Amino acid sequence: MLIAAAFLVLVCLGSTVARPNPLAATSRTFRVHEARRAVPTGFTEAGPASPETTIKLRIALVQGDPSGVVDALYSVSDPDSSAYGQHLAKNEIEPFVAPTDQTKQVVQSWLEANGLTAKQLSPAGDWLGIEVPVSKANNLFDTTFSLFRDVETGAHTIRTLSYSLPEYLRSHVDLVYPTVSFPVHLARTGANTQSASAAYHSTVVRRDTSSTCANGTTPACLQELYRISRTPAVHKENRLGVTGFFGNSAHYAWLESFLKKFRPDMNPTTNFSVVGVDGGTNDQNTPSVSEGELDIQYTVGLATDIPVVYYFIGFDNQDGDLSGFLDEVNVLLALDKPPQVLTTSYGFSESRLSFALTDKLCRAYAQLGARGTTILYASGDSGVGCSSDSPESFQATFPSNCPFVTSVGGTQGFSPEEAWSGSSGGFSNYYARPRYQDDAVRAYLKIHGGANKGRFNASGRAFPDIAAKADNFRLFEVDSISPIYGTSAASPTVGSIIALLNDRLASARRPPLGFLNPWLYKYGRGAFTDITAGNSSIQCSENDTARGFDAVQGWDPVTGLGTPRFDKLLELLRL
């Protein structure tokens, strides 16, 4: 469900405007399809775009039965459903998503009437791509595309503040993109320092010098803290996917050194495979930041003998400013057998994307979940977030706001763990709270909802769902050991645990866990350690007072339901 907010990009009904229509003889009316009220913060208009410039546009067609996808997801993910675990095959999910024959015919006729040939961008045919000069795009969509400058980077991009469709076409097209959605800066959720934000409560993390965690977070530390088994996995068809982006290569030599030092019980030549998306390659000779090393070293090095696949996204994006997120999903949806787990340590601020575009990607995750893939996203490292549109309001992150993914927050320390101050969490302004988390979130709001009242949408999808350690991960890169902090470390840790559980389930001839949340909130929470100390925190400007949420008993918007215990999860799953 959409929860409207004044600063969001909205799909507009608009007023009907009679115009000569070069698109079809059957209609002479255009109607505004999407619009935004103003140029977004961080951009300035630089004038009309050159009419000769060619632009790539993506057209999202109305799906045949989009609610059927969500119904199918919940049917196979609710542990009390008779269909629990009966995940759908590729040919079973695609009919929900494929446009109807009528939609295909109407859109194809419109394309042909304008001399256009579209490229199919998604397996089910619900996304099409066209390339047109600006002058033709202006006529096609009754608009004026302009040039906008990104104040931070100086880069120019072609966008419009509104566009229209012929009346007869509007019921067959969900959106045209990129039009009113502006470029967003892809955020890596890992940080190289302990925290960029100032805690508003001073906390001292308790230490147990006898613990393997006393010298930093290593595979041995995580195995001890979360009781993770070292027993090698045996099912090679059970795969763990990791998302990577250009500039975040994972080096084979550094992984080998990491395993020699931190997993001497493993074969140090244990490796991972790479699948390029949008021209991505895991180049071993280009400069790289730490994220790729972190995600691979703490999946290969923790999920013992689980086949790890690095989905590496390049620059040839077919999904525009979504930076390959949708392209990656479409690559996975095209597989007969997608990976059983996918962990991603990148995201966006919720309000920087229109709801229409956000929902398209979110529902693509629902398709993967219905097919049995557990989708994990690091919640982010900016606490409650800073909204440029409404300085007093908290800012949710995407895709953690999507109700069809599992959001992973962060903790610090051990004996016991406490909330990590950077752990992003809060409440969505786009999505209503899903039913599966009603009881947990209502219990939180009943006692703690008065704190920060008015700064968040109490009826929105709440996140994170769970958490794991996010502090002082020991990483091998450039022939040395480096510390790294962030929920980008927490998500691959949880991904490794879920992959190991799936291996045990496969041995018992049972299906993988798939979409976790209905099971987590109903039964799985019993195998998680509740985190009741610490807080999230961020200071949005030099003169701003630090803001955040506290970790409390039960679910909270810093650590969710808590941190996993592998041994308790095995017991709960009767393994």
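These lines cover the structure that appears in this document, whether it is placed above or below. In this text the structure is predicted, and so the values were computed from the model without any measurement. (Residues numbered from 1 in each chain as written. Predicted model: local features only at pLDDT ≥ 70, side-chain atom pairs only at ≥ 80, totals over all residues. Heavy atoms only, no water.)

Comments concerning the overall build of the chain
Okay, so step 1: What the chain contains, in helices and strands, is 13 helices and 29 strands.
Okay, so step 2: Over its C-alpha trace the chain gives a radius of gyration of 24 Å, about what one expects of a compact globule, namely 25 Å for 575 residues.
Okay, so step 3: With respect to the three principal axes, the spread of C-alpha positions in the chain is 80 × 55 × 50 Å.
Okay, so step 4: When burial is assessed residue by residue, the chain has 61% of its 575 residues classed as buried.
Okay, so step 5: Here the contacts in the chain between residues at least 6 apart in sequence split such that 80% fall between residues at least 24 apart.
Okay, so step 6: By element, 50% of the accessible surface of the chain is carried by carbon and sulfur atoms, the whole surface being about 21800 Å².
Okay, so step 7: Of the side-chain charges in the chain, 47 are positive and 56 negative, and the distance between the mean point of each set is 4 Å. (Helix = DSSP H or I, 4+ residues; strand = E, 2+ residues; numbered from the N terminus. Rg over C-alpha atoms; globule rule 2.2 N^0.38 Å. Buried < 20%, exposed > 50% of the residue type's maximum accessible area, 1.4 Å probe, protein only. Contact = heavy atoms within 4.5 Å. Areas by Shrake-Rupley, 256 points an atom, 1.4 Å probe, with all protein chains shown as cover. Lys, Arg positive; Asp, Glu negative; His and termini not counted. Charge placed at Lys NZ, Arg CZ, Asp CG, Glu CD.)

Side note on the pairing of strand E23 (residues 426–432)
Okay, so step 1: Among the 7 residues of E23, 7 are classified as buried, and the element is accordingly described as predominantly covered.
Okay, so step 2: Relative to strand E24 (residues 460–463), E23 runs antiparallel, the two being bridged by 3 bridges. Directly across from Ala 432, in E24, lies its bridge partner Gly 460. (Pairing = 2+ DSSP bridges.)

Some remarks on the packing of helix H1 (residues 66–77) against helix H2 (residues 90–97)
Okay, so step 1: Direction vectors running N to C along H1 and H2 enclose 140°, while the axes themselves pass 6 Å from each other. What the angle tells us is that H1 and H2 run oblique. Taken together, the residues of H2 that come into contact with H1 (itself represented by Pro 66, Gly 68, Val 69 and Ala 72) are Ile 93, Phe 96 and Val 97.
Okay, so step 2: Counted by class, the contact of H1 with H2 contains 6 nonpolar, 1 polar and no charged residues. (Axes fitted to C-alpha atoms, helices over the stretch in contact; angles between N-to-C directions. Parallel < 35°, antiparallel > 145°, perpendicular 65-115°, else oblique. Nonpolar A, V, L, I, M, F, W, Y, C, P; charged D, E, K, R; others polar.)

Quick look at the nonpolar core
Okay, so step 1: Among the nonpolar cores identified, the biggest contains 151 residues, and Ile 296, Tyr 365, Phe 427, Leu 501 and Trp 555 are the most heavily contacted of them.
Okay, so step 2: Of the residues forming this core, the biggest block, 10 residues, is contributed by helix H9 (residues 355–370).
Okay, so step 3: Residue contacts for Tyr 365: discarding those within four places in its chain leaves Phe 325, Val 329, Ile 375, Tyr 377, Pro 399, Cys 402 and Val 405. (Core = buried A, V, L, I, M, F, W, Y, C linked by side-chain atoms within 4.5 Å.)

Points about the sheet that holds strand E7 (residues 127–133)
Okay, so step 1: Spatially, E6-E7-E5-E11 is the arrangement adopted by the 4 strands of the open sheet, whose pairing is antiparallel. With one partner strand each, in any of the chains shown, strand E6 (119–120) and strand E11 (173–177) form the two edges of the open sheet.

Some points on the packing of helix H8 (residues 325–333) against H9
Axis angle and axis distance: for two packed helices, these are the angle between their axes and the distance between the axes, and together they describe the pair.
Okay, so step 1: Between H8 and H9, the shortest axis-to-axis distance is 10 Å and the interhelical angle comes to 25°. Between H8 and H9, the angle is such that the two are roughly parallel. The interaxial crossing formed by H8 with H9 has left-handed handedness. In this structure, H8 contributes Phe 325, Leu 326, Val 329, Leu 332 and Leu 333 to the contact, and H9 contributes Leu 361, Ala 364, Tyr 365, Gln 367 and Leu 368.
Okay, so step 2: Considered class by class, the residues forming the contact of H8 with H9 number 9 nonpolar, 1 polar and no charged. (Left-handed = near helix turned anticlockwise from the far one by under 90°.)

Details of the pattern of salt bridges
Okay, so step 1: Summed over the entire model, instances satisfying the criterion amount to 15 salt bridges.
Okay, so step 2: A salt bridge links Glu 94 to Lys 90; the nearest nitrogen and oxygen atoms lie 2.9 Å apart. Here Lys 90 and Glu 94 lie together in helix H2, a separation of 4 residues that amounts to about one turn. As far as burial versus exposure is concerned, Glu 94 and Lys 90 are alike and both buried.
Okay, so step 3: Each of the salt bridges in this network shares a partner with another, and the network as a whole consists of Asp 78, Asp 80 and Lys 522. (Salt bridge = Lys/Arg side-chain N within 4 Å of Asp/Glu carboxyl O.)

None of this, on its own, says anything about what the molecule does.
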